[in-house]
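A closer look at the structure
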Amino acid sequence: MFRIVKKQELNPTVTKMVIEAPLIARKAEPGQFIIFRATEDGERVPLTIADYDREAGTVTIIYQIVGGATMELNRLNEGDCLHDFVGPLGTPSHVEGLKKVAVVGGGVGCAIAYPIAKKLHELGAEVHAIVGFRNRDLVILEDEFKAVSNRMKMMTDDGSYGEKGLVTNALEQLIKEGNQYDEVIAIGPLVMMKFVCKLTKEYDIKTIVSMNPIMIDGTGMCGGCRLTVGGETKFACVDGPDFDGHLVDFDEALHRGSMYREFEQHAREAECE
Ligand code: FES
């Protein structure tokens, strides 16, 4: 069960795994996520589905090796099995009916943005992809995005690849060129999504973000993933993970996201010992 069919290092800290999970592959849609446990005692970790193949019965995940649980996952190899792989969870992204969309991905968030861009492309929408990374070494999924977008902008913070600058610079340039988007879909670090939303609010463009807070059960029971959206408490695992970015309280989400940093540091150190 949940055998690793393929493992591929995309960059020094990001890995792609194709997992045998036919029941999930049959139902998965872009925007949904799974929760895995690499071992019986492992931590439960949510990851958005990066791709799926219904015929092969596989689900692709892309993860950044940032803490104890992802280090544990990364020690598994092709042929090994994950202990748990639960999903698909969450509400699929709403992409039907959109004619022209800017899909903005930041860092490993591109792994979540890609299946949405792919689905939009399959539905005949005009897709402008804007992807941003800290530097050239961290670039992932470039060819995949090129294959599903009508226009693509590659941005790096240090200018070592593509254009130097932030994804917000590229998005504003495209808007100023006269591109009229039905929607902007932004997926990446919280700070990036916050500033994309700030920009699109000025131009009055509907913007969807994918929130990835701390999750435990993934079924709406623990409250760990709660967010404030439009003044109301929402659970990312069942109400999202996609939300109207103009209504999300990003400052609260940033604060909650930093609460366990020390604990995560200890877990990472323990895993390295
Ligand atoms: Fe527990 Fe969402 S993860 S309520």
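These numbers come from a predicted model, not from an experiment.

1. Examining the overall build of the protein
When you go through the protein residue by residue, the secondary structure sums to nine helices and 16 strands. Taken over the C-alpha trace, the protein has a radius of gyration of 18 Å; the compact-globule value for 273 residues is 19 Å, and the two agree within 12%. Along the longest, intermediate and shortest principal axes, the C-alpha atoms of the protein span 55 × 40 × 35 Å. By residue count, 43% of the 273 residues in the protein fall in the buried class.

2. Here we look at the domain arrangement of the protein
Interfaces are often sized by the amount of accessible area the parts lose when they come together. The domain boundaries assigned to the protein delineate domain 1 (4-89) and domain 2 (100-258). The centre of domain 1, based on its C-alpha atoms, is set 21 Å off from the matching centre of domain 2. At the junction of the two partners, domain 1 supplies 18 residues and domain 2 supplies 18 residues. When contributions to the side of domain 1 that touches domain 2 are tallied by element, the ones reaching two or more residues are strand S1 (4-11), strand S3 (33-37), strand S4 (45-48), strand S6 (58-64) and strand S7 (84-89). Split into classes, the residues belonging to the side of domain 1 that touches domain 2 amount to 12 nonpolar, four polar and two charged.

3. Regarding the pairing of strand S8 (residues 100-106)
Summarising burial for S8: six of the seven residues are buried, a large majority. One ladder, built from seven bridges, connects S8 with strand S9 (residues 126-133); its direction is parallel. Among the inter-strand pairings, Gly 105 is bridged to a residue of S9, identified as Val 131. As defined by bridge partners, S8 adjoins strand S12 (residues 183-187) across five bridges and the pair is classed as parallel.

4. What to know about the UniProt feature "binding site: FAD" (unreviewed entry) in the protein
The UniProt record annotates "binding site: FAD" (unreviewed entry) at Ile 62, Tyr 63 and Gln 64. Position of Tyr 63 relative to the elements: it lies in strand S6. For Tyr 63, a count of 22 C-beta atoms within 10 Å translates into the label buried. Other than its neighbours up to four places away in sequence, Tyr 63 contacts Thr 15, Leu 47, Thr 70 and Leu 73. Setting aside chain neighbours within four positions, we find Gln 64 in contact with Thr 13, Val 14, Thr 70 and Val 108.

5. Notes on the nonpolar core
Ranked by size, the top nonpolar core spans 79 residues in total, and within it Ile 34, Val 59, Ile 61, Val 103, Val 104 and Ile 185 carry the most contacts. The biggest single contributor to this core is helix H3 (residues 110-122), with eight residues. The two domains that each donate at least three residues to this core are domain 1 (4-89) and domain 2 (100-258). For Ile 185, the contacting residues outside a window of four places in its chain are Val 101, Val 103, Val 104, Ala 113, Ile 116 and Ile 208.

6. Quick look at the sheet that holds S6
Within a sheet, each strand pairs with its neighbour through backbone hydrogen bonds, oriented either parallel or antiparallel. Taken together, four strands build an open sheet; the order of strands is S1-S2-S6-S5 and the sheet is antiparallel. Only two strands of the sheet have a single partner each, and these edge strands are S1 and strand S5 (51-53). Sheet twist, expressed as the mean angle between neighbouring strand axes with direction ignored, is 20 degrees. Both S5 and S6 contribute to a ladder of three bridges, which runs antiparallel. Of the residues in S6, the one forming a bridge with Asp 51 is Thr 60.

Reading the values: rules and limits
- Residues numbered from 1 in each chain as written.
- Predicted model: local features only at pLDDT ≥ 70, side-chain atom pairs only at ≥ 80, totals over all residues.
- Helix = DSSP H or I, 4+ residues; strand = E, 2+ residues; numbered from the N terminus.
- Rg over C-alpha atoms; globule rule 2.2 N^0.38 Å.
- Buried ≥ 20, exposed ≤ 12 C-beta atoms within 10 Å, placed from the backbone.
- Domains from an automatic or database assignment.
- Contact = placed C-beta atoms within 7 Å.
- Nonpolar A, V, L, I, M, F, W, Y, C, P; charged D, E, K, R; others polar.
- Pairing = 2+ DSSP bridges.
- UniProt positions renumbered as here; feature names shortened; annotations may be inferred.
- Core = buried A, V, L, I, M, F, W, Y, C linked by C-beta atoms within 7 Å.
- Axes fitted to C-alpha atoms, helices over the stretch in contact; angles between N-to-C directions.

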